[in-house]
Amino acid sequence: MSSTMVTGSVETHHAAGSGFSLKEWVFTTDHKRVAVLYMVGAFAAFLIAGIMAILMRTELASLGPTVTDNPSTYNTWLYFHGAAMILGYQIPALTGFFANYYVPLMIGAKDVAFPRVNALSVWLFWMGLVVALLTFVIPDPPDIMWTGYPPYSILTGGNTAFYTFTVLLMGFSSIAAGVNFLTTIIYMRAPGLTWSKLNIFIWCTLAAFIIQIIFVPILGVAVTMLSLDKYLGTHFFNAAAGGSALIYENLFWFYSHPAVYVIFLPAVGLIYEIVATFARNRIFNHMKMVYYGIFGVLALTGLVWAHHLYIAGIPNWMVLVHVFTTLLISIPVGLLMIGLVGTLYKGSIQYSTPMLYAAGFLFLFLIGGLTGIPNAMSAIYMHLTDTYWMPGHFHYVMAVSMTTAILGGTYYVLPKMTGRMYSETLGKLGFILFFIGVNITFMFTLLMGVKGLPRRYYDYQQFPELEWMQQWATIGSYIILLGALVVLVSWLHCVFFGKKVGPNPWGSRSLEWTHAPSPPPPGNFGGEVKVPEDWSPYGYGK
């Protein structure tokens, strides 16, 4: 479909103003600049959390002290790695960076519904990052992992309040963003852009923010109760005084398992956009993927939290219910995967860097999904929980597969953001190193779990026979680091030295490519966008 099917104009020009102005960036309400602020913050969190992972992996490479002889220091690395990867990197990258950049452009809007609320949201996120980074300068850093389980989080000498404030700041940021983007999608679509014509990414983002608005307050209440117990002497989680730590675990996972889908949905939405573009194919059963895949996940997401608590002493009937619902939610997730494969079927696939990351996502998520099915069944879970199997599964299904979506999505959007093309050589080299590294690291992590190695331990003197597996997992982490450095170099090369490109180098049919210049100016489009009746964001072959 040519861009003439949508009224308006496409001109290649740069945003108003020239040169860098700190004041303009600090006080910006432009959704694209807000997206860049999210992007910088999220990848900074990814970098520091990644350094923590390298420190942990190096410590574990041999028996006995390697980097530190203080287990509390290891606990602080573990805390920051988990909290920053989830709250500071993956969720902000997907619902902050990509949502801000894509949503108004994909729906033909000039900006979001509440630009000032949008600016508030990103600065709350940055405040949360700063509080989290203070972990490394205060004398009593938090050491309670990203879960913050009591009674340890109440009894420890670590600063639990920093954990509470970090979560609350990130949470307020998410709620503000959720209200903003739901309003934008509902009320600011271009004339003619009906619900059935929305990109899959828009549907996924809509569902993710509905989950955030419903479940984030639950987590906020839980972490606030932690600090009340520790600093004001309440006894919500003190069994000796009539409370129960199980209350916290239920509240925490009532948010934190739905948070998995806050990450998964926008990530798979990005992969759909990449696959459709590089396979030159329509989305397989477009609206059925929305109704049965995305809405199916949305309907079940609040009914699966207790599979994290099978060994915590919950009633047997509750275990049975959650075995059933946890297996049930694999159906809509599986449908979304089938939709991706169906979109590839008979497509004219071009294996550019974003498409390589999309293929990597399919492989890594498949391993993560298959290793997750046993976890849903309580009889198997009880033998695997608290072993290395869990971080192996979790990193496959969430950490590295979602990171392939984020990195692939960033390569995909770079020409739109900068008006320049990245180096395919550097892009593909970074992907290959990343893909090899994650499979070495986390395949050995899964194997160590099968051997019964307990997770989260500072040392493993009781399992000396597994030292060689730890060393291979550490070598894999160094390869991941090398891949990340190549990715960073390729992005910087694109920004400063990349070849200039037109508004639609991918030949996409979606509005952000057919109708907005690269990079888009304030207001996004050269004129009013009106969508014809027969238009589709995936109208290939017409």
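Scroll up to find the structure this text is about.
Residues numbered from 1 in each chain as written. Predicted model: local features only at pLDDT ≥ 70, side-chain atom pairs only at ≥ 80, totals over all residues. Heavy atoms only, no water.

K.L.:
Please give an account of the overall build of the protein that cites residues and values.
P.N.:
For the protein, the count of helices and strands is 17 helices and two strands. Whereas a compact globule of 542 residues would reach a radius of gyration of roughly 24 Å, the protein reaches 23 Å, a difference of no more than 12%. A principal-axis box enclosing the C-alpha atoms of the protein has dimensions of 70 × 50 × 45 Å. Across the 542 residues in the protein, those meeting the buried criterion constitute 60%. (Helix = DSSP H or I, 4+ residues; strand = E, 2+ residues; numbered from the N terminus. Rg over C-alpha atoms; globule rule 2.2 N^0.38 Å. Buried < 20%, exposed > 50% of the residue type's maximum accessible area, 1.4 Å probe, protein only.)

K.L.:
Run through the layout of surface pockets, naming residues and quoting values.
P.N.:
For the second largest pocket, the calculated volume is near 280 Å³. Lining the second largest pocket we find 24 residues, and of these Met-170, Gly-171, Phe-172, Ser-174 and Val-216 sit closest to its centre. Residue assignment for the lining of the second largest pocket shows that the elements contributing at least two residues are α3 (71–106), α4 (115–133), α6 (160–187) and α7 (200–232). Top element by residues in the lining of the second largest pocket is α6. It accounts for nine residues. Looking at the lining of the second largest pocket residue by residue, the class counts come to 16 nonpolar, eight polar and no charged. (1 Å grid on protein atoms, 1.4 Å probe; cavity = no way out; pocket = protein on both sides within 12 Å on 5 of 7 lines; lining within 4 Å. Points joined across faces, edges and corners; volume = space filled by probe spheres on them. Nonpolar A, V, L, I, M, F, W, Y, C, P; charged D, E, K, R; others polar.)

K.L.:
Could you give me a rundown of the packing of aromatic side chains, with the residues and numbers involved?
P.N.:
For the coordinates displayed, the defined rule picks out 47 aromatic pairs. On the numbers, 5.0 Å between centres and 90° between planes, the contact of Phe-252 with Trp-253 is edge-to-face. Grouping residues by exposure puts Phe-252 and Trp-253 together as buried. Relative to Trp-491, the ring of Tyr-411 has its centre 5.8 Å away and its plane inclined at 65°; by these criteria the two rings are edge-to-face. With Tyr-411 in helix α14 (residues 389–418) and Trp-491 in helix α16 (residues 467–497), the pair connects residues that are 80 residues apart, well separated along the chain. With respect to class, Tyr-411 is no different from Trp-491; both count as buried. (Phe/Tyr/Trp six-rings, centres within 6.5 Å; stacked < 30°, edge-to-face > 60°.)

K.L.:
Please set out the nonpolar core residue by residue, giving values where relevant.
P.N.:
Counting residues in hydrophobic clusters, the biggest one holds 174 residues, and the most contacted among them are Phe-98, Tyr-163, Phe-264, Leu-265, Val-268, Leu-336 and Phe-361. Tallying contributions element by element places α3 first for this core, with 22 residues. Ignoring any residue separated from it by four or fewer positions in sequence, one finds Phe-361 in contact with Phe-264, Val-268, Ile-271, Met-337, Leu-340, Ser-401, Met-402, Thr-404 and Ala-405. Of all hydrophobic cores here, the second largest spans five residues; its members include Val-131, Ile-138, Phe-162 and Leu-169. (Core = buried A, V, L, I, M, F, W, Y, C linked by side-chain atoms within 4.5 Å. Contact = heavy atoms within 4.5 Å.)

K.L.:
Could you give me a rundown of the side chain of Asn-199, with the residues and numbers involved?
P.N.:
Inspection of the secondary structure assignment puts Asn-199 in the loop between α6 and α7. Overall, the relative accessible area of 1% leaves Asn-199 in the buried class. Among residues more than four places away in sequence, those in contact with Asn-199 are Met-106, Glu-273, Ser-510, Pro-537 and Tyr-538.

K.L.:
Now, about the packing of helix α10 (residues 316–328) against helix α11 (residues 330–344): what can you tell me, with residues and values included?
P.N.:
Close contact between α10 and α11 brings their axes to 5 Å; oriented N to C, the two are set at 10°. The orientation of α10 with respect to α11, classified from their angle, is roughly parallel. Together, Thr-326, Leu-327 and Leu-328 of α10 and Ser-330, Ile-331 and Pro-332 of α11 make up the contact between the two elements. Its residues assigned to classes, the contact of α10 with α11 comprises four nonpolar, two polar and no charged. (Axes fitted to C-alpha atoms, helices over the stretch in contact; angles between N-to-C directions. Parallel < 35°, antiparallel > 145°, perpendicular 65-115°, else oblique.)

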